[in-house]
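# Breakdown of the fold
This is what each chain is made of:
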Amino acid sequence: MSHRIAAKISGVAGYVPPKVLTNADLEKMVATNDEWIRTRTGICERHIADSATATSHLAVEAANLLLAQTKTDPAEIDLIIVASVTPDMMFPATACLVQDRIGAKRAWGFDLSAACSGFAYALTVGAQFVGSGAHKKVLVIGSDKMSSILDYSDRATCILFGDGAGAVLLEPAGENEGILDFEHDVDGSGGQYLYQPGGGSLNPASAETIAKKMHVVHQEGSQVFKYAARRMAEMSAKLLERNGFTKDDLTLLVPHQANLRIIRAAQERLGVDDSKVMVNIDRFANTTAGTIPLGLRDAVEQGRLHKGDLVLIATVGAGYTTGAVLLRWAY
Ligand code: UT7
């Protein structure tokens, strides 16, 4: 059974910090090279925030651009959900910081942690409040400052990620527009392959956790790679089929940007060709919760999305978390 939600995306915006870290820059920091990074990941450069800029600042930039673009008074926002694995602090929630700084006086809000699936999860969650009639305007933000949890001496992880944020506005949808269906799952047995062990209640920050580098991203890349390619394709195929569509009905697949080879493997399983797949990993790398809204933003800016288009979002992240959302683009 499909899960139609009467909610639509009525605007999308994104923000990346100005400083660019190229593959050539990384060559000076770790034993890597531009050719390896390009051919193994598709990444050419990524944006990195300065020390004064946190996840909330990236989120606020994206949110303010979105409010201006959609001519929305911040006081009209009912709810703010921030998806992130790099909140400014353990608490208060980054959503509270964003609420204050954008002047969303009436809004409540919370953070959602689902790593690279964070934005897709937050989109589905936020849409429920609109679909139920409880809220009229929900701000869904994916924002991560991945550079704050990377070990820049570990070549296997530091080359993969960048900083950035994207935001969408959710509003009530008409008959044949907006979110048509969604699918999410968790496979917690995969948690051991991608995680940040230090700083939580299990291993509170200490000189020892720092010395053991427990405060940074740890990953078994090849495990995550195989799981992501398979599950993104399976989820996408399931959603299309359940709603009576084939790959030919699809205007655009907007996948999470973790590795160009994962994206290509997933689209190959689905039988979707390059012209129907949004790729911007070359410029931004993996911005975790930021990749999908940044992909939607770029697709709109490049004239690749129009009212009535069938769009599929697909993602896999740490957890493992998986998400796919099928929508009819509404503007
Ligand atoms: O959003 C979810 C988050 N993460 C992901 O989705 C990431 C999923 N995984 C991946 O993208 C890939 O597994 C990686 C890009 C992380 C690694 O690619 P791979 O093709 O799986 O390479 P590998 O880990 O099997 O390593 C191959 C070789 C190794 O050398 P040896 O043992 O064959 O001599 C690595 O040490 O490549 C070496 N290597 C590097 N060489 C140059 C690993 N990282 C680098 C590097 N530069 N940055």
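Everything below is about the structure shown above.
What counts as what
Residues numbered from 1 in each chain as written. Predicted model: local features only at pLDDT ≥ 70, side-chain atom pairs only at ≥ 80, totals over all residues. Heavy atoms only, no water. Phe/Tyr/Trp six-rings, centres within 6.5 Å; stacked < 30°, edge-to-face > 60°. Helix = DSSP H or I, 4+ residues; strand = E, 2+ residues; numbered from the N terminus. Buried < 20%, exposed > 50% of the residue type's maximum accessible area, 1.4 Å probe, protein only. Contact = heavy atoms within 4.5 Å.

### Structural notes on the packing of aromatic side chains
For any pair of aromatic rings, the description consists of the separation of the ring centres together with the inter-plane angle of the planes. Inspection of the entire model under this criterion finds five aromatic pairs. Here Trp 108 and Phe 110 contribute two aromatic rings whose centre-to-centre distance is 5.6 Å and whose plane-to-plane angle is 40°, an arrangement assigned as tilted. A ring pair is formed by Trp 108 and Phe 129, whose centres lie 5.5 Å apart and whose planes are at 80°; its orientation type is edge-to-face. Placement of the pair is Trp 108 in strand E5 (residues 108-112) and Phe 129 in helix H5 (residues 118-131), with a sequence separation of 21 residues. We classify Phe 129 as partly exposed; its relative accessible area is 25%. Aromatic ring contacts, followed pair by pair, group Trp 108, Phe 110 and Phe 129 into a single cluster.

### Notes on the environment of Arg 231
Mapping Arg 231 onto the fold places it in helix H8 (residues 221-242). For Arg 231, a relative accessible area of 12% translates into the label buried. With 33 residues separating them along the chain, Arg 231 and Gly 198 place their C-alpha atoms 28 Å apart. Those residues in contact with Arg 231 that lie beyond four places of it in its chain are Asp 185, Val 316 and Thr 322.

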